Amino acid sequence: MGTKLFVGNLSYAITELELREAFSQEGRTVQSVRIALDRETQRPRGFAFIEVATDADADSAIKQWNGVMLSGRNVFVEKAQERKPGDPRPAPRPRPGGFGGPPGAGGPPRGPGGPRPGGFGGAPGGFRGGPRYPVASATVDKEEGRRRAARPEKRADAKKRPGEGRPKEEDRERGKWRWDGNDDY
(Lines give C-alpha, C1' and ligand atoms only; values in the text may rest on other atoms or scores of the structure.)
Protein backbone atom coordinates (compact mmCIF):
# COMPACT_ATOMS: atom_id res chain seq x y z
CA MET A 1 0.00 0.00 0.00
CA GLY A 2 1.32 3.44 -0.97
CA THR A 3 1.14 6.89 0.58
CA LYS A 4 -2.03 8.97 0.19
CA LEU A 5 -1.83 12.67 -0.59
CA PHE A 6 -4.53 15.24 -0.01
CA VAL A 7 -4.78 17.79 -2.84
CA GLY A 8 -6.96 20.79 -2.07
CA ASN A 9 -8.16 23.95 -3.84
CA LEU A 10 -8.57 22.12 -7.12
CA SER A 11 -10.39 23.50 -10.11
CA TYR A 12 -13.89 22.03 -10.39
CA ALA A 13 -13.23 21.23 -14.05
CA ILE A 14 -10.12 19.08 -13.47
CA THR A 15 -10.35 15.36 -14.25
CA GLU A 16 -8.77 12.29 -12.67
CA LEU A 17 -6.73 11.77 -15.83
CA GLU A 18 -5.26 15.30 -15.64
CA LEU A 19 -4.34 14.75 -11.98
CA ARG A 20 -2.78 11.38 -12.75
CA GLU A 21 -0.67 12.90 -15.55
CA ALA A 22 0.42 15.87 -13.41
CA PHE A 23 1.45 13.79 -10.39
CA SER A 24 3.15 11.02 -12.38
CA GLN A 25 5.79 13.43 -13.73
CA GLU A 26 9.42 12.84 -12.77
CA GLY A 27 8.94 9.07 -12.69
CA ARG A 28 6.45 8.91 -9.79
CA THR A 29 4.08 5.94 -9.74
CA VAL A 30 0.46 7.03 -9.16
CA GLN A 31 -1.59 4.09 -7.89
CA SER A 32 -5.00 5.75 -7.56
CA VAL A 33 -6.74 9.12 -7.98
CA ARG A 34 -10.07 9.90 -6.35
CA ILE A 35 -11.80 13.28 -6.75
CA ALA A 36 -14.32 13.90 -3.97
CA LEU A 37 -17.87 14.46 -5.24
CA ASP A 38 -20.84 16.09 -3.55
CA ARG A 39 -23.36 13.44 -2.48
CA GLU A 40 -26.42 15.30 -3.72
CA THR A 41 -25.26 17.07 -6.88
CA GLN A 42 -22.45 14.68 -7.91
CA ARG A 43 -20.27 17.71 -8.67
CA PRO A 44 -16.60 17.87 -7.61
CA ARG A 45 -15.96 19.36 -4.16
CA GLY A 46 -12.58 20.86 -5.05
CA PHE A 47 -10.23 18.31 -3.48
CA ALA A 48 -8.87 14.86 -4.25
CA PHE A 49 -6.85 12.00 -2.80
CA ILE A 50 -3.92 10.69 -4.80
CA GLU A 51 -2.09 7.51 -3.78
CA VAL A 52 1.57 7.24 -4.81
CA ALA A 53 3.80 4.18 -4.48
CA THR A 54 6.43 5.34 -1.94
CA ASP A 55 7.08 7.99 0.70
CA ALA A 56 9.83 9.42 -1.49
CA ASP A 57 7.33 9.87 -4.34
CA ALA A 58 4.94 11.57 -1.91
CA ASP A 59 7.62 13.98 -0.64
CA SER A 60 8.73 14.89 -4.17
CA ALA A 61 5.09 15.47 -5.24
CA ILE A 62 4.52 17.74 -2.25
CA LYS A 63 7.68 19.72 -3.06
CA GLN A 64 6.73 20.02 -6.72
CA TRP A 65 3.00 20.83 -6.46
CA ASN A 66 2.28 22.50 -3.09
CA GLY A 67 1.37 26.15 -3.77
CA VAL A 68 1.79 25.76 -7.55
CA MET A 69 -0.86 26.65 -10.12
CA LEU A 70 -2.70 23.68 -11.63
CA SER A 71 -5.63 24.33 -14.00
CA GLY A 72 -5.81 27.97 -12.96
CA ARG A 73 -5.70 27.50 -9.16
CA ASN A 74 -2.90 27.26 -6.59
CA VAL A 75 -3.23 23.75 -5.19
CA PHE A 76 -2.52 22.65 -1.63
CA VAL A 77 -0.76 19.29 -1.29
CA GLU A 78 -0.01 17.41 1.94
CA LYS A 79 0.07 13.84 3.22
CA ALA A 80 -3.45 12.66 3.94
CA GLN A 81 -4.36 12.05 7.57
CA GLU A 82 -5.67 8.56 8.27
CA ARG A 83 -9.16 8.51 9.76
CA LYS A 84 -11.21 5.52 10.78
CA PRO A 85 -14.90 5.61 9.81
CA GLY A 86 -16.91 7.17 12.62
CA ASP A 87 -13.96 9.04 14.16
CA PRO A 88 -14.29 12.80 14.52
CA ARG A 89 -12.77 14.87 11.77
CA PRO A 90 -9.42 16.56 12.42
CA ALA A 91 -9.38 20.23 13.42
CA PRO A 92 -9.29 22.61 10.47
CA ARG A 93 -5.88 23.96 9.60
CA PRO A 94 -5.32 27.72 9.77
CA ARG A 95 -5.64 29.47 6.44
CA PRO A 96 -4.16 32.81 5.51
CA GLY A 97 -6.55 35.70 4.84
CA GLY A 98 -10.28 35.40 4.52
CA PHE A 99 -13.01 36.11 7.04
CA GLY A 100 -13.46 34.97 10.61
CA GLY A 101 -11.01 34.51 13.42
CA PRO A 102 -9.42 37.07 15.67
CA PRO A 103 -8.49 40.45 14.20
CA GLY A 104 -5.00 40.61 12.77
CA ALA A 105 -4.73 36.85 12.32
CA GLY A 106 -4.40 35.14 9.00
CA GLY A 107 -1.84 37.14 7.09
CA PRO A 108 -1.60 40.62 5.70
CA PRO A 109 -4.66 42.86 5.48
CA ARG A 110 -6.61 42.47 2.27
CA GLY A 111 -8.41 44.96 0.10
CA PRO A 112 -7.87 48.67 -0.44
CA GLY A 113 -6.79 50.65 2.58
CA GLY A 114 -6.17 47.80 5.00
CA PRO A 115 -8.08 47.36 8.26
CA ARG A 116 -10.58 49.98 9.31
CA PRO A 117 -10.69 51.51 12.76
CA GLY A 118 -13.75 51.04 14.92
CA GLY A 119 -16.15 48.36 13.92
CA PHE A 120 -19.64 46.97 13.97
CA GLY A 121 -20.15 45.02 17.16
CA GLY A 122 -16.73 45.94 18.51
CA ALA A 123 -14.74 44.13 15.83
CA PRO A 124 -12.39 45.95 13.49
CA GLY A 125 -13.73 47.11 10.22
CA GLY A 126 -16.52 49.19 9.45
CA PHE A 127 -19.69 50.53 10.79
CA ARG A 128 -19.20 52.55 13.92
CA GLY A 129 -16.28 53.38 16.14
CA GLY A 130 -16.40 53.79 19.88
CA PRO A 131 -19.32 53.54 22.30
CA ARG A 132 -22.72 54.72 21.14
CA TYR A 133 -23.51 56.47 24.40
CA PRO A 134 -20.92 58.14 26.61
CA VAL A 135 -19.68 56.01 29.47
CA ALA A 136 -18.68 57.50 32.83
CA SER A 137 -15.08 56.37 32.37
CA ALA A 138 -14.86 57.52 28.73
CA THR A 139 -13.04 60.75 28.05
CA VAL A 140 -15.01 63.42 26.25
CA ASP A 141 -13.81 64.09 22.74
CA LYS A 142 -12.97 67.79 22.51
CA GLU A 143 -13.74 67.98 18.82
CA GLU A 144 -17.17 66.43 19.35
CA GLY A 145 -17.82 68.94 22.11
CA ARG A 146 -16.95 71.81 19.77
CA ARG A 147 -19.31 70.47 17.12
CA ARG A 148 -22.18 70.20 19.58
CA ALA A 149 -21.59 73.72 20.86
CA ALA A 150 -21.59 75.09 17.31
CA ARG A 151 -25.04 73.73 16.42
CA PRO A 152 -27.36 76.73 15.99
CA GLU A 153 -30.50 74.89 17.13
CA LYS A 154 -28.87 73.88 20.39
CA ARG A 155 -27.50 77.28 21.45
CA ALA A 156 -28.82 78.57 24.74
CA ASP A 157 -28.52 82.22 23.73
CA ALA A 158 -30.77 81.86 20.66
CA LYS A 159 -34.18 83.40 21.19
CA LYS A 160 -37.28 81.51 20.19
CA ARG A 161 -39.89 83.11 17.99
CA PRO A 162 -43.45 83.25 19.25
CA GLY A 163 -45.42 80.17 18.35
CA GLU A 164 -42.29 77.96 18.27
CA GLY A 165 -41.83 75.09 20.64
CA ARG A 166 -44.19 73.91 23.33
CA PRO A 167 -46.87 76.17 24.75
CA LYS A 168 -46.27 77.52 28.22
CA GLU A 169 -48.06 75.96 31.15
CA GLU A 170 -50.64 78.77 31.38
CA ASP A 171 -51.29 78.60 27.61
CA ARG A 172 -51.99 74.86 27.65
CA GLU A 173 -55.60 75.34 28.63
CA ARG A 174 -58.00 74.69 25.79
CA GLY A 175 -58.30 77.62 23.41
CA LYS A 176 -55.40 79.65 24.83
CA TRP A 177 -52.86 78.83 22.11
CA ARG A 178 -53.40 79.18 18.38
CA TRP A 179 -52.31 77.74 15.10
CA ASP A 180 -49.70 80.04 13.54
CA GLY A 181 -50.85 79.41 9.96
CA ASN A 182 -47.80 77.32 8.98
CA ASP A 183 -48.70 74.01 7.32
CA ASP A 184 -45.23 72.50 7.86
CA TYR A 185 -45.36 69.88 10.55
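See the structure above.
Summary of the structure given here. (Residues numbered from 1 in each chain as written. Predicted model: local features only at pLDDT ≥ 70, side-chain atom pairs only at ≥ 80, totals over all residues. Heavy atoms only, no water.)

**Observations regarding the sheet that holds strand β2 (residues 30-37)**
Reading across from one edge, β2-β3-β1-β6 is the order of the four strands in this open sheet, with antiparallel pairing throughout. Unpaired on one side and paired on the other, β2 and β6 (76-79) mark the two borders of the sheet. Taking each pair of neighbouring strands and ignoring which way they run, the sheet shows an average axis angle of 20°. Bridge count between strand β1 (residues 3-8) and strand β3 (residues 44-52): five bridges; the pairing is antiparallel. Residue Lys4 lies in a different strand from β3, and its bridge partner there is Glu51. Strand contacts of helix α1 (residues 16-23): β1, β2, β3 and β6, with the helix running at about 140° to β2, the strand carrying the most contacts. Against the sheet, helix α2 (residues 55-65) makes contact with β1, β3 and β6, and its axis sits at roughly 160° relative to β6, the strand it touches most. (Pairing = 2+ DSSP bridges. Helix = DSSP H or I, 4+ residues; strand = E, 2+ residues; numbered from the N terminus. Axes fitted to C-alpha atoms, helices over the stretch in contact; angles between N-to-C directions. Contact = heavy atoms within 4.5 Å.)

**Overview of the environment of Asp57**
Within the secondary structure layout, Asp57 lies in helix α2. With 54 residues separating them along the chain, Asp57 and Thr3 place their C-alpha atoms 8.4 Å apart. If sequence neighbours within four positions are ignored, Asp57 has contacts with Arg28, Thr29 and Val52. At 3.5 Å, the side chain of Asp57 and the backbone nitrogen of Thr29 are in polar contact. (Polar contact = N/O pair within 3.5 Å; in protein donor to acceptor, adjacent residues only side chain to side chain.)

**Structural notes on the pairing of β1**
Taken residue by residue, a regular strand's side chains alternate between the two faces of the sheet. Among the six residues in β1, five count as buried, and that is most of the element. With four bridges connecting them, β1 and β6 associate as antiparallel partners. Its bridge partner being in β6, Leu5 is matched across the sheet by Lys79. (Buried < 20%, exposed > 50% of the residue type's maximum accessible area, 1.4 Å probe, protein only.)

**Examining a positive patch on the surface**
On the surface, Arg39, Arg45, Arg83 and Arg89 cluster together into a positively charged patch. Inspection of the secondary structure assignment puts Arg89 in the loop between β6 and α3 (142-150). (Patch = residues over 30% accessible without salt bridge, like charges linked within 9 Å, V, L, I, M, F, W, Y side chains within 5 Å. Areas by Shrake-Rupley, 256 points an atom, 1.4 Å probe, with all protein chains shown as cover. Salt bridge = Lys/Arg side-chain N within 4 Å of Asp/Glu carboxyl O. Lys, Arg positive; Asp, Glu negative; His and termini not counted. Charge placed at Lys NZ, Arg CZ, Asp CG, Glu CD.)

**Things to note about the packing of aromatic side chains**
In this structure the tally under the stated criterion is five aromatic pairs. With a centroid separation of 5.6 Å and an interplanar angle of 35°, the aromatic rings of Phe6 and Phe47 are classed as tilted. Of this pair, Phe6 sits in strand β1 while Phe47 sits in strand β3, and the two are 41 residues apart along the sequence. Accessibility classification places Phe6 together with Phe47 in one group, the buried group. (Phe/Tyr/Trp six-rings, centres within 6.5 Å; stacked < 30°, edge-to-face > 60°.)

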